[in-house]
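Structure assessment
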Amino acid sequence: MTRTSTLSNPFALWTDLALQTSSMMMASAQVIQHRTLRMMNASTPPSPRDTAEFTLMGQEKLAAATEVLQGVTTRAMTHDVQAGMKIMKDMTAVQADLFSLASARTVAQAMARNEKLGRSLKRAGLTAATLSDHTATMALRALKPIRSRAMANAKRLGKLK
């Protein structure tokens, strides 16, 4: 249920991230409780069924961590560099327009430079909103492999008695 943010609702992605994080945490709590009790009650040596479950725990964590690392690294290497350059460009434009406005010699010049500054500030604001969206989107993508496993495990282990 990933949403995209808009200027009218800049918190949509962050709200989605919070909801998905909380559902993952609830599922994780169920899985941790189930597996902890299972470890406590396991025989020595563990049964084949318990051994399979304990092995699966480690494999899932490693697979999820690998997915997250690959996704975040790829995104950071491409998008973050471009976003950083755009932010610097926008900040430089705002600064130049501020200095230009401060050095205006006539009212007409000041009005024209003020209008240009307004456009630069608007672009910088849109860039900031886009950066916020991309950050929330990256967090949602990073959460996805972990959340999907936690939810699936809670469902699977909830059926076992």
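Let me sum up the structure you'll find in this document. (Residues numbered from 1 in each chain as written. Predicted model: local features only at pLDDT ≥ 70, side-chain atom pairs only at ≥ 80, totals over all residues. Heavy atoms only, no water.)

1. Side note on the side chain of Asn153
What counts here: The helix count covers DSSP runs of H or I at least four residues long, the strand count covers runs of E at least two residues long, and both are numbered beginning at the N terminus. A simple rule labels every residue: compare its accessible area, found with a 1.4 Å probe on the protein chains alone, to the largest value its type can have, and call it buried under 20%, exposed over 50%, or partly exposed in between. We call two N or O atoms a polar contact when they sit within 3.5 Å, provided that within protein one can donate a hydrogen and the other can accept it, with sequence-adjacent residues counted only if both atoms are side-chain atoms. Only heavy atoms enter the contact rule, under which two residues are in contact if any of them lie within 4.5 Å.
If you trace the backbone, Asn153 turns up in helix H3 (residues 107-159). The buried category is assigned to Asn153, whose relative accessible area is 5%. Only 2.7 Å separates the side chain of Asn153 from the side chain of Glu60, close enough to count as a polar contact. Apart from the residues within four sequence positions on either side, Asn153 is in contact with Val31, Arg35, Glu60 and Gly158.

2. What to know about the pattern of salt bridges
The line we're drawing: Put simply, a salt bridge is a Lys or Arg side-chain nitrogen that is within 4 Å of an Asp or Glu carboxyl oxygen.
By the definition in use, this model includes 9 salt bridges. Asp50 is paired through a salt bridge with Arg38; the nearest N and O atoms lie 2.6 Å apart. With Asp50 in helix H2 (residues 48-102) and Arg38 in helix H1 (residues 12-41), this pair connects stretches of sequence that are 12 residues apart. For Glu53, the salt bridge identified is with Arg156, shortest N-O distance 2.9 Å. Of this pair, Glu53 sits in helix H2 while Arg156 sits in helix H3; the two residues are 103 residues apart in sequence, bridging distant segments of the chain. We classify Arg156 as partly exposed; its relative accessible area is 31%. When salt bridges with common partners are traced through the structure, they connect Arg35, Arg38, Asp50, Glu53, Glu60 and Arg156 into a single cluster.

3. Some thoughts on the layout of surface pockets
For clarity, the cut-off: Put simply, the grid is 1 Å and covers the protein atoms alone, a cavity is a trapped set of points that fit a 1.4 Å probe, a pocket is an open set with protein on both sides within 12 Å along at least five of seven lines, and lining residues have an atom within 4 Å of a point. Grid points are joined across faces, edges and corners, and a volume is the space filled by probe spheres set on the points. For this scheme, ten residues count as nonpolar: Ala, Val, Leu, Ile, Met, Phe, Trp, Tyr, Cys and Pro. Four count as charged, namely Asp, Glu, Lys and Arg, and the remainder, Gly too, count as polar.
Considering only enclosed or pocket space, the largest pocket measures out at about 310 Å³ in volume. Ser28, Arg35, Lys61, Ala150 and Asn153 are the residues nearest the centre of the largest pocket, which is lined by 15 residues in total. Listing elements by their share of the lining of the largest pocket, those giving two or more residues are H1, H2 and H3. Element by element, the count of residues in the lining of the largest pocket is highest for H1, at 6 residues. Taken together, the residues of the lining of the largest pocket sort by class into 8 nonpolar, 3 polar and 4 charged.

4. Comments concerning the environment of Thr130
When you line up the elements, Thr130 lands in helix H3. Under the relative-accessibility criterion, Thr130 is labelled partly exposed at 38%. With 96 residues separating them along the chain, Thr130 and His34 place their C-alpha atoms 41 Å apart.

5. Observations regarding the side chain of Asp97
Tracing the backbone through its elements, the reader meets Asp97 in helix H2. Excluding anything up to four places from it in sequence, Asp97 contacts Lys116, Leu117 and Ser120.

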